[in-house]
Amino acid sequence: MLDTGLVLYSAAFGLILIGIAGIVLSAHLVRIIFGVALLEAGANLLLLLATWREGASAPIIVAGRVPEFMADPVPQALVLTAIVIGVGILALALSLALRVQRAYGTLDMHEVRQRMEQEIADQAGIDMPASSHAPAAVQAARQEGSA
Amino acid sequence: MEWLVLVIVVVMLSSAVAVLLLKDFLAALAAFSVVSLGLSVLFVILRAPDVAMTEAAIGAGLSSLLFALALRRLGLWRNRGQ
Amino acid sequence: MRRLSSALFLLGLGLLIAAIFKGMEFGTVAPIAGQLINSAAAEQVGAANFVTSVVLGYRGFDTLLELTILFTAATAGGLVLGKRAPNAKRDPDAGFILQAGADLLFPLLVVVGVYIILHGHLTPGGGFQGGVILASAFFIPMLARPGTPMSHTAVSTIEGLAGACFIFIGLLAMFDGEAFLTPLMDKGELGALLSAGSLPLLYLAVGLKVGSELAGLLAHLSESEAVD
Amino acid sequence: MNQLALLVALPLITAFLLPVINRVSTFAARWTGPLVLVITSAIGISFWPQLGDSAVAIELGGFRPPLGITLYADKMALLFALATSIGTLLLWPSRGEDKLRQSTLALILAGSGSGLALSGDLFNIYVFYELVAVVSYGLIAARSTAGSFAATVRYLIVSSFGAALALTGIALVYQATGTLNLAQLSQLAPTHLNNLQGLAAFVLMLIGFGVKAELFPVNTWVPEVYATAPTRISGLLAGVVSKLALLIIVRLLVLIFHQPEALTVMLVLGILGVVTGELAAWRARDFNRMIAFSSIGQLGIMFIAFSIPGEAGVFAGLAVALHHLVVKPAMFLLAERWQGSLANLAGAARTSPLGAALFILLALSLIGVPPLPGFWAKLLVMINLVAQENSLYMLGAWVIMGGAALEANYLFRVASSFYHRTDEQTPPAAHRPGDLATASLLGAGLVASAFLIMPLADEIEGVASQAADKNHYVQTVNPEQLP
């Protein structure tokens, strides 16, 4: 009466949607990185569910006994690679977040973007018009010419 | 067996939502490792022991360690995520 | 305004996924490669764990690229975090419990890690999982005593050599006319420790590389100067 | 013919060993990289005549497809693999303080770029794409200014978001067909992928792989990254790596996804890309961002060209892609010294006359002035667009014409400022001989191809017809079927 496949697929798509919501809606960089990690976890689960069937047994021969109906080993190898890719990129993202926080003193992506645009403009020597909706804090920061 | 899967999935999805909503980053990190653990148990149920070990060792273990180190260095422990 | 547009985007995406969801039927399509491998892996590659025969034998190229991604992430992380200022403030030494625990845990973790790497082709687990355990084994003493830094030269040498061994084993096959990354040496009988030809060697190289790389990454992250 | 795998294996093993070689002698570490790239380019060029009559499929690990992974080398794939190796060789990152790590990353970029062009397995393409992405994060952040870290983080988020979408698309394809080998997928596609799930998988992979091909919705990272990254790396990313991502999308279209809606989605996104790219370039006020936005516009034209069904589309798109492959790195090499605002470029002709002349030559070719190859490429696209007799394709033609007009406006605004007589301002610095030499080499290549345009066109037509021939692909690989 309760279809496990339906529950598992909704879990995979649910994780993907929550991950995308995390990336799109949150402003703090660490929370966006959480969102990216959740999105990748959801995609991995979906990849493993692709050819899953009830009642299959693990594709490992134990003590010479070959199970008669084995699960598909290919997506297991793919998800193994995808998980390790995810942790590699996570480590790089956190190192970059560390350097951004040390350079700009904040991890709020709107402010980081504002400061970055300002720095690119100063470096290129064009005077960027103080955009009207820039929050007061950024205006003050620009006056004392910090960072 | 189906009820076990349903419980794990509900716990996993709710802690995934909690990761994004919790103000304090340490709590969010705890919720994230719950998601990884739930995922690892699901992989065992899906007859993928290799992937379950990888997800447990790397997803729950190493990623949480990386996040904890980064949060420690970002100074987001003391002021409970302003 | 931005939140509204993102919320709308999410709603649209949710509807699209729901539409796909309805159209999907689960578990009816036969995995072509999967069934062929399940029937042929025992004698073609000779590893008891078919996932290992896929990770190192049939799709060994993916695993090589996987190692390169970790190597690139470690190199880029080193590039981003840069050299440590010599006078940077270090964390104080950890309490007695962690120090005693670290000394006790270190040998156990190394043994478990090496066991999992060496039995990769027989039981679940392998180079990646064993490598992560080795990385944490080498990282815990650094948590206990931040004063004693890990020597990065040793880590990067092991990393480079292990990666080069993996590719060298792959290139060996090309010297006698086979394709790149063909499993070598005799397969031995299924389930024995010394079976599946060059696969255990490949997983040993993977384990050492992943272990040293992740230990280096963790060391880089924890060594950047302590905030507050 | 197994030696083609060396195009990927040699740069990777050298990259792994570079830190060890560096401990032995820094001189060796500096010159091993370029030497290895010369070897791989030589291997690639030696294979070119062999591919004349039929493509080559290499079964890695000696396993029959779809069990193992196959590398598929036809002329188009080898052309882009060679472009990556030679491009990385020409644009070798020589500045910056951490040279060892930059050379390691550049070697990995060369190896993974040629692998991405040659790969014939869907998940293998995803892993190569992720590897190229991680390498580009490292190379962009090599400038280690605050702006470059912020730009790299934002690029990392957009690219990881895209890669996860591409992985979801691959999961949907694997769920529908049960295989990952491109040849087997093209056999199963008409029956299994001809529904909403197939179209959704294509759109997810288009957006996922489109991040690096600067596709419209996911190219917000382009201006920031090309303004803050080292200019040689920007040239490499804009010139070579974006074409590799485009090559994958073309492979997917030619081999697997034949629904007309797939082409329409790509056409619409291409048109939006051209409109936003050219308008933003027209409004840009500094050199780097101007050429960054113009590269979005050019890639939009390529998306429009490749969305034309059949072999004509592949031919037109390939012509524009190869032209852009030569022009954009040269433009970025000129940007090495002209990074700042367009205002203080006035009077640049006095300090570096060759640089100014090169800029004008490249601008003329970009706009599409007759003798130069840019004109022939755009003409080809326009003819094929008009031949479709479809209102959307006509709109594409009008948008390309409008884009060309905008390009003429902002490129000549800059070119004319070179010869203004301004005394009070300090004229921009002259170019370094190294950059000028490479840029003029590319310029000379452009002029040479203008003269021998006819044989070149036939060669590209041959490449395009071989690439667009689906049955040839399936026969060369001939995957095993279930018993």
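Residues numbered from 1 in each chain as written. Chains lettered and ligands numbered in written order. Predicted model: local features only at pLDDT ≥ 70, side-chain atom pairs only at ≥ 80, totals over all residues. Heavy atoms only, no water.

**Student:** Got a minute to help me understand the packing of aromatic side chains in this structure?
**Tutor:** What describes a pair of aromatic rings is the distance from one ring centre to the other and the angle between the planes of the rings. All names here are of chain D. Taken as a whole and assessed by the stated rule, the structure comprises 19 aromatic pairs over all chains. With a centroid separation of 5.9 Å and 80° between ring planes, the pair formed by W221 and Y226 is classed as edge-to-face. Three or more aromatic residues joined by ring pairs make a cluster, and in this case those are Y137, Y155, W221, Y226 and F332. (Phe/Tyr/Trp six-rings, centres within 6.5 Å; stacked < 30°, edge-to-face > 60°.)

**Student:** Just checking my understanding: could you explain the interface of chain A and chain B for this structure?
**Tutor:** Often, the extent of an interface is quoted as the loss of accessible area on bringing the components together. Across the contact, 42 residues belong to chain A and 39 residues belong to chain B. Here chain A and chain B share an interface that buries about 3700 Å² over both sides, 84% of which is from carbon and sulfur atoms. At the junction of chain A with chain B, the criterion picks out zero salt bridges. Contributions of two or more residues to the side of chain A that touches chain B are made by α1 (4-25), α2 (29-49) and α3 (73-104) of chain A. The biggest single contributor to the side of chain A that touches chain B is α3(A), with twelve residues. Its residues assigned to classes, the side of chain A that touches chain B comprises 33 nonpolar, eight polar and one charged. (Contact = heavy atoms within 4.5 Å. Buried area = accessible area lost by both parts, 1.4 Å probe. Salt bridge = Lys/Arg side-chain N within 4 Å of Asp/Glu carboxyl O. Helix = DSSP H or I, 4+ residues; strand = E, 2+ residues; numbered from the N terminus. Nonpolar A, V, L, I, M, F, W, Y, C, P; charged D, E, K, R; others polar.)

**Student:** Sorry if this is basic, but what is going on with helix α1 (residues 2-21) of chain B here?
**Tutor:** Compared with the 28 Å implied by 1.5 Å per residue over 20 residues, the 29 Å span of α1(B) between its first and last C-alpha is a close match. Restricting attention to buried positions, one finds in α1(B) the residues V5(B), I8(B), V9(B), M12(B), S15(B), A16(B), V19(B) and L20(B). An end-on view of α1(B) places all buried positions within 145° of arc, on one side of the element. For α1(B), the exposed residues set more than 90 degrees away from the buried face come down to W3(B), V7(B) and L21(B). Lining the buried residues of α1(B) we find α1 and α2 of chain A together with α2 (25-45) of chain B. (Expected span 1.5 Å × (residues − 1). Buried < 20%, exposed > 50% of the residue type's maximum accessible area, 1.4 Å probe, protein only. Arc of directions from axis to C-beta.)

**Student:** Can you walk me through helix α2 (residues 26-47) of chain D in this structure?
**Tutor:** It helps to recall that an α-helix has 3.6 residues per turn; residues three or four apart then point in one direction. Between the first and last C-alpha of α2(D) there are 33 Å, a value that for 22 residues agrees with the 32 Å anticipated at 1.5 Å per step. Against the buried residues of α2(D) lie α1 (6-24), α3 (75-90) and α4 (99-118) of chain D.

**Student:** Even after reading the chapter, I still don't get a nonpolar patch on the surface, so can you show me in this structure?
**Tutor:** Residues and elements named next belong to chain C. A cluster of nonpolar side chains, V114, L118, I158, L204 and L208, forms an exposed patch at the surface whose accessible area comes to about 360 Å². If you list the elements that add at least two residues to the nonpolar patch, you get α5 (96-118) and α8 (199-223). Within the secondary structure, V114 sits in helix α5. Accessibility expressed as a relative area gives 34% for V114, which makes it partly exposed. (Patch = residues over 30% accessible without salt bridge, like charges linked within 9 Å, V, L, I, M, F, W, Y side chains within 5 Å. Areas by Shrake-Rupley, 256 points an atom, 1.4 Å probe, with all protein chains shown as cover.)

**Student:** Please explain a negative patch on the surface as it appears in this structure.
**Tutor:** Side chains of E311(D), D458(D), E461(D) and D469(D) sit close together on the surface and give a patch of like negative charge. Looking at where D469(D) falls in the secondary structure, it is placed in the loop between α19 (453-468) and α20 (470-477). (Lys, Arg positive; Asp, Glu negative; His and termini not counted. Charge placed at Lys NZ, Arg CZ, Asp CG, Glu CD.)

**Student:** Teacher, can you tell me more about the interface of chain C and chain D here?
**Tutor:** Listed as interface residues are 56 residues of chain C and, on the opposing side, 60 residues of chain D. Of the roughly 4800 Å² buried between chain C and chain D on both sides combined, carbon and sulfur atoms contribute 78%. For chain C, the biggest contributors to the area lost against chain D are I32(C), F61(C) and L79(C); these three give 15% of the whole. At the boundary of chain C with chain D, the tally comes to one salt bridge.

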